[in-house]
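Geometric and topological summary
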Amino acid sequence: MQVPDPISVLVVDDSLVFRRFLRDIFESIEGIKITGEAKNGIEALDMVLKANPDVILMDLEMPLMDGMTALQHLMIHRPTPTIIFSSLTNEGTARCFDTLKNGAVDFICKDFMFQEKNLEIYKDTVIQKVINAATNRVRSIEPMFAMAHKSEKSSEPGKQVIFCEDCGTRRYIDSEEELTLNEIRCSNCGDVIDLSNIEKLQRNNFITVLAGGRGCFRNLLSIIPNFDADMGGALIAVIFEEIEHVNAFAEYLNSISRMKVLRVREDMRIDGGNCYILSGKDYFCLKPFSANYAFQRIQNTAEGPLDLLLTSVAAVFKNRTAGVILSGDDIDGVQGMRHIAEAQGASFVLDPADCFYKDIGILIREKCGILATVGEEELVRQIQALHYNAKKSVTTA
């Protein structure tokens, strides 16, 4: 396996056997060199300053200071691309997502190594992940306190627009006074509008579709929790990963986000202020639902799931759409992103430095022409601006 540039690696694991195993892997690879070994997190933090590695391979379960604590310290004081190993946690579990949320670029389950028939595959996997990690950008981050995020509210002043589900008539209500009522009546048809759960009344004015495969869990954990539910519109994330991992991720992301995060099901209504999660095996388009839209499952289509969704969103919301390509392999999406551009929507490809796997971004840029390439922080700012501007245009119309 070819290594583009020399890579120095720090191995952190209390198991001498596992450290030797990793040493044996990299001794046969020209361009990757182990420059230090540590038995626990305390030693690792000290050795990072001495060895200045390009990549850190770190076990999660260690004495004195475990991998998670060391990772948090590392990302505050000396951000370095870090791959976490664990023998207790499988990919797609909350513990795995915790490591990604706290700054790890990837996660590997050790149990895979102990299956003898997969040993060579495991070695190739580790080498490729180290190569990918060395090209990844990591930033200084503070530990995220999820429950504090859930209670935060937007400070944006002014009135809120609601719509009658029966006839679609628009009405403005004062967020400080009229929302204390349980219900009001539509001025056009007289139908009762229930205000007991205002979240259900946020009509869509903009949709952003984010899509990726391997490596995109990390991207979404860095992006989605930064959005406010009050920014208007909806987010839809299409994830080309195992369905059970996507299901677990949706639940985890909901626990740390200010927006409500929902796993998509047939006929689910698309409300503003929510984030919806689809797997790469879900074939959905949009269908009218009262004064709003809902997800409709499609059978026997030649289009890929991402192309299908992007095309449908562009047809309905036109220039009030955005498509975002994250980390991942060669998946579909070329035709869908073209339809977003034709509808004069916004199109983004995440900066390769923020993508653990860069293939899909490269493909989309080659096939779709010039698209905006942005980092995670700039992407959050631009998507928020698009949603807030669309919200303001509705309330002032």
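Details of the structure are given in the entry above.
To keep things clear, this report deals only with the structure shown in the data block. Bear in mind that the values here come from a model prediction, so they are computed numbers and not experimental data. (Residues numbered from 1 in each chain as written. Predicted model: local features only at pLDDT ≥ 70, side-chain atom pairs only at ≥ 80, totals over all residues. Heavy atoms only, no water.)

1. Regarding the overall build of the protein chain
Note the following rule: What counts as a helix is a DSSP run of H or I of at least four residues, what counts as a strand is a run of E of at least two, and both are numbered from the N terminus. Accessible area is worked out with a 1.4 Å probe on protein chains only. A residue is then buried under 20% of its type maximum, exposed over 50%, and partly exposed in between. Contact definition: two residues touch when any of their heavy atoms are within 4.5 Å. Computed with the Shrake-Rupley method and a 1.4 Å probe, the accessible areas treat only the protein chains shown as cover for residues.
Helix and strand content of the protein chain: 12 helices and 18 strands. Looking at the protein chain as a whole, 52% of its 397 residues qualify as buried. Within the protein chain, contacts between residues at least 6 apart in sequence are counted, and of these 70% link residues at least 24 apart. Surface accessibility of the protein chain: about 17,900 Å² in total, with carbon and sulfur atoms responsible for 49%.

2. With respect to the nonpolar core
We count it as follows: For the purposes of this section, nonpolar cores are sets of buried Ala, Val, Leu, Ile, Met, Phe, Trp, Tyr and Cys residues that join through side-chain atoms within 4.5 Å.
Counting 57 residues, the largest nonpolar core has L220, I224, F227, L235 and I277 as its most contacted members. Top element by residues in this core is helix α8 (residues 243-256). It accounts for six residues. The residues contacting L235, other than those within four sequence positions of it, are T208, L210, I224, F227, M259, N274, C275, Y276, I383 and H387. In this structure, A211, A234, A314 and L363 belong to the second largest nonpolar core, which totals 32 residues.

3. A short note on the pattern of salt bridges
Note the following rule: Any Lys or Arg side-chain nitrogen located within 4 Å of an Asp or Glu carboxyl oxygen qualifies as a salt bridge.
In total, this model carries 19 salt bridges according to the counting rule given. The salt bridge partner of R137 is D354, with a shortest N-O separation of 2.9 Å. Taken together, the positions of R137 in the loop between α5 (119-134) and α6 (146-151) and D354 in the loop between β17 (346-350) and α11 (359-368) put the pair 217 residues apart, joining distant regions of the chain. Given the relative accessible area of 30%, R137 is considered partly exposed. Its relative accessible area of 1% is what places D354 among the buried residues.

4. Comments concerning the packing of helix α10 (residues 334-342) against α11
When two helices pack together, their arrangement is captured by the angle between the axes and the distance separating the axes. Applicable threshold: To define axes, lines are fitted to C-alpha atoms, for helices over the stretch in contact only, and angles between the resulting N-to-C directions are given on a 0 to 180 degree scale. Any angle between 65 and 115 degrees counts as roughly perpendicular, while under 35 counts as roughly parallel, over 145 as roughly antiparallel, and the rest as oblique. Put simply, a crossing is left-handed when the front helix is turned counterclockwise from the back one by less than a right angle, and right-handed when it is turned clockwise. Polarity classes work like this: nonpolar for Ala, Val, Leu, Ile, Met, Phe, Trp, Tyr, Cys and Pro, charged for Asp, Glu, Lys and Arg, and polar for all others, with Gly in that last group.
Where α10 meets α11, the axes come as close as 10 Å, and the angle between the chain directions of the two elements is 55 degrees. Relative to α11, α10 is oriented oblique. The crossing of α10 and α11 is right-handed. Along its contact with α10, which presents V334, M337 and R338, the element α11 presents L363, I364, K367 and C368. Here the contact of α10 with α11 is built from residues that sort into five nonpolar, no polar and two charged.

5. Describing the sheet that holds strand β4 (residues 82-86)
We count it as follows: At least two bridges found by DSSP between two strands are what make those strands a pair.
The strand order β2-β1-β3-β4-β5 describes an open sheet built from five strands, whose pairing is parallel. A strand with exactly one partner marks an edge of an open sheet, and here the two such strands are β2 (32-38) and β5 (106-109). With direction set aside, neighbouring strand axes in the sheet form an average angle of 20 degrees. Bridge analysis of strand β1 (residues 7-12) against β2 gives six bridges, and the strand direction is parallel. If you follow V9 over to β2, its bridge partner there is I34. Helix-sheet contacts for helix α2 (residues 41-51) involve β1, β2 and β3 (55-59), and the interaxial angle to β2 is about 140 degrees.

6. Some words on α5
Working note: α-helix, 3.6 residues per turn, so residues spaced by three or four point in the same direction. To keep it simple, the criterion reads: By this rule the span expected of a helix is its residue count minus one, scaled by 1.5 Å.
In this model α5 runs 23 Å from its N-terminal to its C-terminal C-alpha over 16 residues, within 8% of the 22 Å that 1.5 Å per residue would give. Turning to α5, its buried residues are Y122, V126, I127, K129, V130, I131, N132 and A133. If you follow the buried residues of α5, they end up packed against β1, α1 (16-27), β2, β3, β4 and β5.

7. Some remarks on the environment of N102
Our working definition: The term polar contact refers here to a pair of N or O atoms within 3.5 Å; inside protein, the definition further demands a hydrogen-donor-capable atom paired with an acceptor-capable atom, and it admits residues adjacent in sequence only when both atoms are side-chain atoms.
By the element assignment, N102 lies in the loop between α4 (94-101) and β5. You can call N102 buried: its relative accessible area is 8%. One polar contact links the side chain of N102 to the main-chain carbonyl oxygen of D98, over a distance of 2.9 Å.

8. Concerning the environment of E342
For E342, the position within the fold is in helix α10. You can call E342 exposed: its relative accessible area is 61%. Spatially, the C-alpha atoms of E342 and A314 are 8.5 Å apart, while their sequence positions differ by 28 residues.

Read these as spatial facts, not as claims about activity.
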